[in-house]
Amino acid sequence: MDFSLTPEQHDLRLRARAFADALLPYEVAAEESGGKVAPEVKAEVRRLAQEARLIGGNHAVEHGGQGWKMMEHVIVHEELGRITNGLWWLMGGGYNVLALGTPEQIESYLLPTLAGERADAYAVTERNAGSDASGIEATAERVPGGFHITGEKWFVTSGDHADYLIVMANVIDGSNRLPTLFLVDLPLAGVEIIDDPTFTHVFPDGHPTYRFDCVVPESAVLGGPDQIGQGDAGQHAWFVEERIHIAARCVGAMQRLLDEAVGWATTREQFGQPIMDFQGVSFPLADSAADCVAARLLTYQCAQMFDDGAAPKLIHARAAMAKLFASERAYVCADRAVQVWGGRGYMRRNAAERFLRELRVDRIWEGTTEIQRLIVGNALVKRGVSATLAVDTRETV
Ligand SMILES: Cc1cc2nc3c(=O)[nH]c(=O)nc-3n(C[C@H](O)[C@H](O)[C@H](O)COP(=O)(O)OP(=O)(O)OC[C@H]3O[C@@H](n4cnc5c(N)ncnc54)[C@H](O)[C@@H]3O)c2cc1C
């Protein structure tokens with residue numbers, strides 16, 4: 001295993017780090033305004049990300065993306081994870097499934113999305129289908145010229161800002177229900193937000209609930225008619241990628257939590273000495289350091305497996321391990337940091353306090369901790385213990 005960065009990757013890290021550093025001064029205002037960021041701040045985030053060539057890492061260069069390897073995603077997401085209030089999310093980008101589009105869809109959706117002219121949101125989860133996405137009830141029935149989509153979608157991140165949705169619905173084909181992704185342009189008669197709840201974290205965009213009773217043209221099937229029934233495969237690819245991203249962002253969060261807590265603990269004095277001199281303070285931070293490095297190595301190694309073309313099922317299990325471990329440990333690290341900060345750690349203007357709320361969702365979205373454990377448990381049985389644990393990628397191809 002060699003995790004040394006190429007000169008280009010090192011340059012990418014520096015660009016991503018500078019971008020993250022430039023966003024830190026906006027955090028407290030974003031927190032205090034309930035996530036509502038001024039349009040000029042949004043434009044500035046977008047401009048900085050464009051300048052640093054950070055938008056669309058998951059898309060091909062010819063589509064306006066960056067064409068990164070997974071290791072490059074990890075390098076960037078580690079830096080993004082240092083930022084609170086989801087400010088980095090404002091840079092935009094397009095979900096990876098858009099690359100499955102027909103040439104016309106690439107032209108009308110992917111290209112303008114990466115250019116910042118359009119905005120997407122991904123709608124899979126429903127009232128009765130969360131962890132078990134196979135239980136989705138939204139249907140798409142054929143009607144002359146298109147499909148009649150009915151159903152409800154929950155937690156549609158950025159659904160309040162998107163101008164189109166990527167919607168999973170079952171095409172009804174006799175007794176078969178074929179999971180399919182649709183591109184639904186907004187506004188559209190019969191598509192409405194029916195709830196827009198507030199959540200634990202303060203995020204720039206909402207996660208509203210949508211109701212659908214609308215007709216979309218045949219051309220709305222993502223990837224064209226051949227992709228009817230293939231929605232789960234697209235969904236699966238997104239999960240693996242995003243789980244690795246989440247793991248990397250949790251590593252970045254752990255690093256920032258340590259940076260700030262150590263800075264505080266070495267300067268704050270009580271009983272005539274820096275509180276870092278008390279083992280009750282330094283030991284939890286030492287544990288956080290171990291958690292951070294362990295999560296970093298696991299995430300890097302997962303990215304390396306991905307880039308080396310390891311067997312997809314082993315990557316799936318490793319990405320689950322990375323997300324599971326990094327998100328669980330990052331939350332513990334945030335709690336430790338709050339404790340080290342004392343009463344100041346309970347103030348919303350303190351990054352540790354914000355991380356304690358914001359990191360919570362990383363144990364829930366893109367598959368809960370329990371679902372990651374199910375994936376790893378299955379791999380232990382089906383792929384075998386050695387293959388599931390292998391760190392030499394030659395043993396996993
Ligand atoms: C802020 C936020 C943003 C989101 N954004 C999006 C989005 O943009 N698009 C989208 O489609 N979805 C989105 N989601 C939905 C998210 O992916 C789901 O919340 C998640 O998959 C869990 O589903 P659920 O909430 O229905 O919980 P449930 O599936 O009902 O799970 C409840 C509990 O039961 C446990 N559980 C369930 N099954 C098992 C099992 N087999 N074994 C052990 N335990 C189990 C779970 O781990 C969990 O603890 C978002 C969620 C949040 C909170």
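Each value, and the rule that gives it
Residues numbered from 1 in each chain as written. Predicted model: local features only at pLDDT ≥ 70, side-chain atom pairs only at ≥ 80, totals over all residues. Heavy atoms only, no water. Helix = DSSP H or I, 4+ residues; strand = E, 2+ residues; numbered from the N terminus. Buried < 20%, exposed > 50% of the residue type's maximum accessible area, 1.4 Å probe, protein only. Polar contact = N/O pair within 3.5 Å; in protein donor to acceptor, adjacent residues only side chain to side chain. Contact = heavy atoms within 4.5 Å. Near = heavy atom within 4 Å. Areas by Shrake-Rupley, 256 points an atom, 1.4 Å probe, with all protein chains shown as cover. Nonpolar A, V, L, I, M, F, W, Y, C, P; charged D, E, K, R; others polar. Domains from an automatic or database assignment. Pairing = 2+ DSSP bridges.

### Points about the side chain of Glu-78
Its location among the elements puts Glu-78 in helix 4 (residues 70-80). For Glu-78, a relative accessible area of 4% corresponds to the buried category. A polar side-chain atom of Glu-78 sits 2.6 Å from a polar atom in the side chain of Arg-296. Not counting residues up to four positions away in its chain, the partners in contact with Glu-78 are Arg-13, Ala-248, Val-251, Gly-252, Arg-296 and Tyr-300.

### Some points on the site of the ligand
Close contacts around the ligand come from 15 residues, with Thr-125, Ser-131, Phe-155, Thr-368 and Glu-370 the closest. At a separation of 2.6 Å, an oxygen atom of the ligand approaches a polar side-chain atom of Glu-370. Out of a free accessible area of 970 Å², the ligand has 65% covered by protein chains. Its residues assigned to classes, the shell around the ligand comprises seven nonpolar, six polar and two charged. Viewed by domain, the shell around the ligand spans two of them, domain 2 (120-228) and domain 3 (232-395), each represented by three or more residues.

### Notes on the pairing of strand 4 (residues 164-173)
Counting buried residues along strand 4, eight of its ten residues qualify, which places the element largely inside the surrounding structure. Bridge count for strand 2 (residues 139-143) against strand 4 is two bridges, and the pairing is parallel. Paired with Thr-139 across the two strands is Asn-170, which belongs to strand 4. Sheet topology places strand 4 next to strand 5 (residues 176-185); ten bridges connect them, and they run antiparallel. Paired with Asp-173 across the two strands is Asn-176, which belongs to strand 5. Where strand 4 folds back onto strand 5 in an antiparallel hairpin, the turn is made up of two residues, including Gly-174, whose phi is positive at roughly 65 degrees.

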